[in-house]
Amino acid sequence: PDILAIQEFTPDAQTAMDEHLGPDQYPYRIEAPVDGTVGQAIYSQFPMTQVDAAETATDTLTADVVVPGGGNLRVFNVHTFGPQAGDSGIWIRSIHELDRVLAETDGSWIAIGGYNATVDQRVYRDLLRNDRHDAHLMTGRGSARTWPANQALPALVLIDHALLSADLVATGTR
């Protein structure tokens, strides 16, 4: 892919990416490695600048990418906290905050990553208003599965998504 958004990006993952990719494959990188599950990174073939955290949703690494032809694409690397025992509100609040930020964003954007939500949940379906698109649904892959990953069990549900602004069209998903 031309742009790669990574969640749960640790210092070990950063080392592995450096060893396997080299500097030429993704010459533009914004990396925030943290042990555990909150680190993030965005790798790009195209020039990009990090967006100030005050202009984006909590726990969302955001970049403005200059795509071929000179246009701008805002990339949101999403990783909402899943519902917590005793406080599912943290998850709902984080998705509502993302919804607000997306509604205030001018121009083309993609919000890609771990939403910890399925299309069966209203809080996620609410994100699809205003002609926003889910890339899996748009490409006929709405039954794809992404979680749990790297377990003895096969993936059972789709909790990772790519939301697109109304002017973008997904031509494929992986």
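Residues numbered from 1 in each chain as written. Predicted model: local features only at pLDDT ≥ 70, side-chain atom pairs only at ≥ 80, totals over all residues. Heavy atoms only, no water.

A. Molecular detail of the layout of surface pockets. There is about 1,700 Å³ of room inside the largest pocket. Taken together, 45 residues line the largest pocket, and the ones lying closest to its centre are Ala5, Ile112, Gly113, His161 and Ala162. Counting residues per element, the ones that place at least two in the lining of the largest pocket are strand 1 (3-7), strand 6 (72-79), strand 7 (108-114), helix 4 (135-138) and strand 9 (160-164). Among the residues making up the lining of the largest pocket, the classes are represented as 23 nonpolar, 18 polar and four charged. (1 Å grid on protein atoms, 1.4 Å probe; cavity = no way out; pocket = protein on both sides within 12 Å on 5 of 7 lines; lining within 4 Å. Points joined across faces, edges and corners; volume = space filled by probe spheres on them. Helix = DSSP H or I, 4+ residues; strand = E, 2+ residues; numbered from the N terminus. Nonpolar A, V, L, I, M, F, W, Y, C, P; charged D, E, K, R; others polar.)

B. Quick look at the sheet that holds strand 1. What the three strands build is an open sheet, ordered 1-3-2; its pairing is antiparallel. Of all the strands in the sheet, just strand 1 and strand 2 (28-32) have a single pairing partner and so form its edges. For this sheet, the mean angle separating the axes of adjacent strands, direction not counted, is 5 degrees. Here five bridges tie strand 1 to strand 3 (residues 40-44), and the two strands are oriented antiparallel to one another. By the bridge assignment for strand 3, Ile3 is matched with Ser44. Relative to strand 2, helix 1 (residues 11-25) is tilted by about 175 degrees, and along the sheet it contacts strand 1, strand 2 and strand 3. (Pairing = 2+ DSSP bridges. Axes fitted to C-alpha atoms, helices over the stretch in contact; angles between N-to-C directions. Contact = heavy atoms within 4.5 Å.)

C. Representation of the pattern of salt bridges. If you walk through the whole model with that rule in mind, you get seven salt bridges. For Arg74, the salt bridge identified is with Asp64, shortest N-O distance 2.7 Å. On the criterion of sequence distance, the pair formed by Arg74 in strand 6 and Asp64 in strand 5 (residues 60-66) is long-range, its members being 10 residues apart. Here Arg74 matches Asp64 in class, with each residue buried. (Salt bridge = Lys/Arg side-chain N within 4 Å of Asp/Glu carboxyl O. Buried < 20%, exposed > 50% of the residue type's maximum accessible area, 1.4 Å probe, protein only.)

D. A look at the packing of aromatic side chains. Following the criterion strictly, the structure yields four aromatic pairs and no others. For the ring pair Phe76 and Trp109, a centre distance of 6.4 Å and an interplane angle of 80 degrees mean the geometry is edge-to-face. With Phe76 in strand 6 and Trp109 in strand 7, this pair connects stretches of sequence that are 33 residues apart. Of the two residues examined, Phe76 and Trp109, each falls in the buried class. With a centroid separation of 5.6 Å and an interplanar angle of 80 degrees, the aromatic rings of Tyr115 and Tyr124 are classed as edge-to-face. Grouping residues by exposure puts Tyr115 and Tyr124 together as buried. Of the aromatic side chains, those joined through ring pairs into one cluster are Phe9, Tyr26 and Tyr43. (Phe/Tyr/Trp six-rings, centres within 6.5 Å; stacked < 30°, edge-to-face > 60°.)

E. Local environment of the confidence of the model for the chain. Chain-level pLDDT for the chain is 89 on average; 99% of the residues reach the 70-or-more range. Strand 3 holds the highest mean pLDDT among the elements of the chain, 96, whereas helix 3 (residues 122-125) holds the lowest, 89. (pLDDT = per-residue confidence, 0-100.)

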